[in-house]
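# Coordinate analysis (summary)
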Amino acid sequence: MRIWRFPCFSLLFGFFLSSFPELTGSAKLNIDVEAGTTIRITSADKNTQCKVCIGQNTQELCQSSVVLRSGTVLAFSCSQPEKVFTVQIIRDNVMNDIEPREHNALQKFNRTFIWNLKPPATKSLHLNFSRTGLRQIPPTDSCPDVYMLAVENVSIGKFCQNGSIRQVDVRNAGKLSLEVSGGRALDKKFIGVSLGRLINSLANFHVVLPERSSTQDFFTPNAFPANTETMWYFTVPQTYYTDVRILSHTVPTCLQSQNIPKMKYTWQGKEPLVKLMNVSQPSVEPGNFNLSIKNCRISGPQNLMVHFQISAIKRSKGQCEGDLPENQVLQIHVKKKDPKSTCVLKLDSVIMDTITIASGKHFVLNSFDCNKDEVELTVSQTIECKEWRDCASTPFPLTFNYEQQCIPGVLKTIIWILQGPPNSAVELQSPAGDLRYCPPEDKCNSILLLNVSHVTSGITLGQFCPKGTIQKIQIRESKIAITASVTSFNDRNLATKPFLTYSFTQDISEHYIFTVAPKMDNPTVLASPAWPSGMKASSTVSWIVNLEPQFKSSVKFRNVSQPKCKEVHTNIAVQTIRSQKTLYSTKKDEKIKDLLVPESFYLNMTNCKSPTGAFRAMMEITLQNSSSKLLGIILSIVGVVFVIVTAVGIWFVLRKKKRKKAPPVSVYNPSEHAFLPGLHGIPKAQEEDPHTYAYIDETLVYSHLLTDDAEKEEYKEGTTDESDPPLSAPALPVRNAENPVTKSNALFDDELCGYVQGQSNTSSSLKTSQEEGNYETRLFV
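This text gives an overview of the structure that appears in the document. (Residues numbered from 1 in each chain as written. Predicted model: local features only at pLDDT ≥ 70, side-chain atom pairs only at ≥ 80, totals over all residues. Heavy atoms only, no water.)

### Some thoughts on the state of the cysteines
Applying the stated criterion across every chain, the model contains 7 disulfides. Residue pairing for Cys-343: its cysteine sulfur links by disulfide to Cys-370, the two sulfurs lying 1.8 Å apart. A torsion of 90° about the S-S bond marks the disulfide between Cys-343 and Cys-370 as right-handed. Here the residue Cys-343 occupies a position in the loop between strand 26 (330–336) and strand 27 (344–347), and Cys-370 occupies one in the loop between strand 30 (362–368) and strand 31 (375–384), the gap between them amounting to 27 residues. By relative accessible area, Cys-343 is classed as buried at 1%. Disulfide pairing is shown between Cys-565 and Cys-608; the S-S distance is 2.0 Å. On the S-S bond that ties Cys-565 to Cys-608, the torsion sits near -75°, and the link is left-handed. Separated by 43 residues along the polypeptide, Cys-565 in the loop between strand 44 (551–561) and strand 45 (571–576) and Cys-608 in the loop between strand 48 (601–606) and strand 49 (616–625) bring together distant segments of the chain. Taken as a pair, Cys-565 and Cys-608 share a single burial class, namely buried. No disulfide involves Cys-438; its sulfur sits 4.0 Å from that of Cys-465, the nearest cysteine. (Disulfide = S-S within 2.5 Å. Helix = DSSP H or I, 4+ residues; strand = E, 2+ residues; numbered from the N terminus. Buried < 20%, exposed > 50% of the residue type's maximum accessible area, 1.4 Å probe, protein only.)

### Some thoughts on the packing of aromatic side chains
Each aromatic ring pair is characterised by the separation of its centres together with the angle its planes make. What the rule picks out here adds up to 18 aromatic pairs. Geometrically, the ring pair formed by Phe-129 and Tyr-147 is edge-to-face, given 6.1 Å between the ring centres and 75° between the ring planes. In this pair, Phe-129 sits in the loop between strand 9 (123–128) and strand 10 (134–137) while Tyr-147 sits in strand 11 (residues 145–151), placing the two residues 18 residues apart along the sequence. Owing to a relative accessible area of 0%, Tyr-147 belongs among the buried residues under this scheme. Here the aromatic rings of Phe-218 and Phe-308 are separated by 5.6 Å at their centres, their planes lie at 20°, and the arrangement is stacked. With Phe-218 in strand 17 (residues 214–219) and Phe-308 in strand 24 (residues 305–314), this residue pair connects regions lying 90 residues apart in the sequence. Judged on exposure class, the residue Phe-218 and its partner Phe-308 are both buried. Three or more aromatic residues joined by ring pairs make a cluster, and in this case those are Phe-159, Phe-205, Phe-218, Trp-232, Phe-234, Tyr-265, Trp-267, Phe-289 and Phe-308. Positioned above the aromatic ring of Trp-267 is the side chain of Lys-270, whose terminal nitrogen or guanidinium carbon lies 5.9 Å from the ring centre. Positioned over the ring face of Trp-531 is Arg-616, at 5.7 Å from the centre of the ring. (Phe/Tyr/Trp six-rings, centres within 6.5 Å; stacked < 30°, edge-to-face > 60°. Lys NZ or Arg CZ within 6 Å of the ring centre and 35° of its normal.)

### Observations regarding the side chain of Thr-515
With respect to the helices and strands, the residue Thr-515 is situated in strand 41 (residues 512–516). Excluding residues within four positions of it along the chain, Thr-515 makes contact with Thr-469, Ile-470, Gln-471, Lys-472, Ile-544 and Asn-546. (Contact = heavy atoms within 4.5 Å.)

### Quick notes on the sheet that holds strand 25 (residues 317–323)
The sheet built from 4 strands is open, its strands ordered 25-30-27-28 with antiparallel pairing. Of all the strands in the sheet, the pair left with one neighbour each is strand 25 and strand 28 (350–351). In terms of strand pairing, strand 27 meets strand 30 through 4 bridges, oriented antiparallel. Note that in strand 30 the partner of Leu-345 across the bridge is Ser-367. (Pairing = 2+ DSSP bridges.)

### Regarding the environment of Val-516
You can see Val-516 is positioned in strand 41. Setting aside residues up to four positions removed in sequence, Val-516 forms contacts with Thr-469, Ile-470, Thr-524, Leu-526, Trp-543, Ile-544, Val-545 and Asn-546.

### A word on the environment of Arg-578
Within the fold, Arg-578 resides in the loop between strand 45 and strand 46 (582–585). Relative accessible area serves as the criterion here: at 66%, Arg-578 is assigned to the exposed category. Expressed as a C-alpha distance, the spacing of Arg-578 and Ser-600, which sit 22 residues apart in the sequence, is 7.3 Å.

### As for the sheet that holds strand 17
Strands sit in the order 17-24-19-22 across an open sheet of 4 strands; the sheet is antiparallel. With one partner strand each, in any of the chains shown, strand 17 and strand 22 (285–286) form the two edges of the open sheet. Pairing analysis gives 2 bridges linking strand 19 (residues 240–250) to strand 22, with the strands arranged antiparallel. Across the sheet, the residue bridging to Thr-242 is Glu-285, located in strand 22.

Shown next, in the form of structure tokens:
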């Protein structure tokens, strides 16, 4: 074949040494080859007519490939040989540092730099890529500068620059290659090579994760040899946490099933963690760790392949460690509201969306990037009393002492499971006020909603809100559940306040008893147990409705559903409490009627044994003023007031008459002035006192002091003599100079006041007074 030559060959020779020009016809290159280096130029297309020639003039040898171990001149039979030929620059027995060297004459060719690694039999070779940094890519992907690493003729990975892989350890013979695209200058980055202790794995990858959020992909060796292992050593920055995910994998059939390939994780100071390929891998793990994957002895054509991903994220961490008291029988459920949120919950190194902490167990709960509102807490507490001697008759408050304050989240629900002795009943009351029944279709309009249900059957009695009219709930069941759901529970201290009080009592006659005290403000809504479902077969319920005397109640049945019964029919009855009068009792197929009840009453419902359909009812009780009773009360009050006024009036009249008709009182007056005790001022002396008498019949004055008629007669005879002539009334002296007020107080007290008070009541004293010549004046008061 004829080769085209240019006339000015000498001028172009220097140019060929630095670059490859596009020629018309043929081209020549002057190649320099270092000692220990081999350059292989090969045609990628076997059918091409373009050849590479070695030698000059008549000694030229033209062929499709050539191997150069020393410097020479190359000539090509085509103008664009870079489109036909590829170049390999091979260096053998590498045990020292690698400094890639560019061959300018070959820069337009696709070049592959190959370093054959061959450490001593007792050593391994460490390749340091700190200046380059490698990142692994899938075998089918590519990049401008591609590194490929093979060990024992097994490709263990394909890599690009600027990654987190800082070092690779290989055992035995290996090969490192660098592929550079034609026309691209070689990035002459230094690769350190050193000898280290012998390793058992096929290769060890040392990965240093960056101090930023990052995600790295890793692949197991292509055609993973049987019974060999590959190791990854990950260095994680402070405050960063790693997640491991397996994106794809194939597991071979092993000769021994127990040796199926697994992921083995090791953290410093912890026991190794082994995971199967088809389960979730560790997540949100702090600190450096190692990962090893070992293949088994394969019995089939399918080989082991694992594509996994390591993510590192800087997170804020919260930790709560403690023990729940065993005697409280507590369970705390910690749940993420949104499973897709970045919040992570870990209990004892296991990540879960819902975590359960039980009494009597030590726990370590870690939370990462969790806001308070992203986590909900549900607390379950069992309160049990097996023997009556252990059950106090006084009500106990239902509270939750939230001791583990470090547990993140908002307390949303508290569940109490109450279990009493056999054949007992539970009595519930609200210490903060009465309860209001809240149908499921209505809104409670309260931050608290209480749900009462049976634990064994799961039947819900009903849900209740605060500020109602239900004073007491009695349930003939020894085991019930009370659920307090809170719509806004920002203050956890609210949990320490009692929602309800409970007590265990002896068995009751009905299945359910509600004590209700309606109010005038709003109608009271009541519903049969388990509304809107029907009552349980043969179950009974009673409402004790207490009314004030001035009220009556209107009972309306808003929604009643009657089942079909085989034998005894269902019954709804209304009976007054005081008069024990049955106001209403349903009959079969009878339409329920509304009632007006004048006093406190019972409302009873009984289901039949084998109902077909649901027996349920909803009632509304509205208070009304009782006019007749109110009128009676008003009239009674008016009557009492009238009687009091009349009695007071009569007392005044009688008192006035008594003053006018008072019996005469004899008062001793040593002076000649008569006056009434208590009058204002001292009366002046008169010439003739109209109250002065010439003679006083003593029997008229003192006869009431004698005990009987005989004494009166005897006294009369002793003081009267018919033969004596009548006495004339002497003139009483007027003592102007003597003031009665200045008289002896002793004389006045003893003789005047003492007599008036009934102390001088003997006839002898009267006689003594008469003998002393004292005068008496009869005064009418």
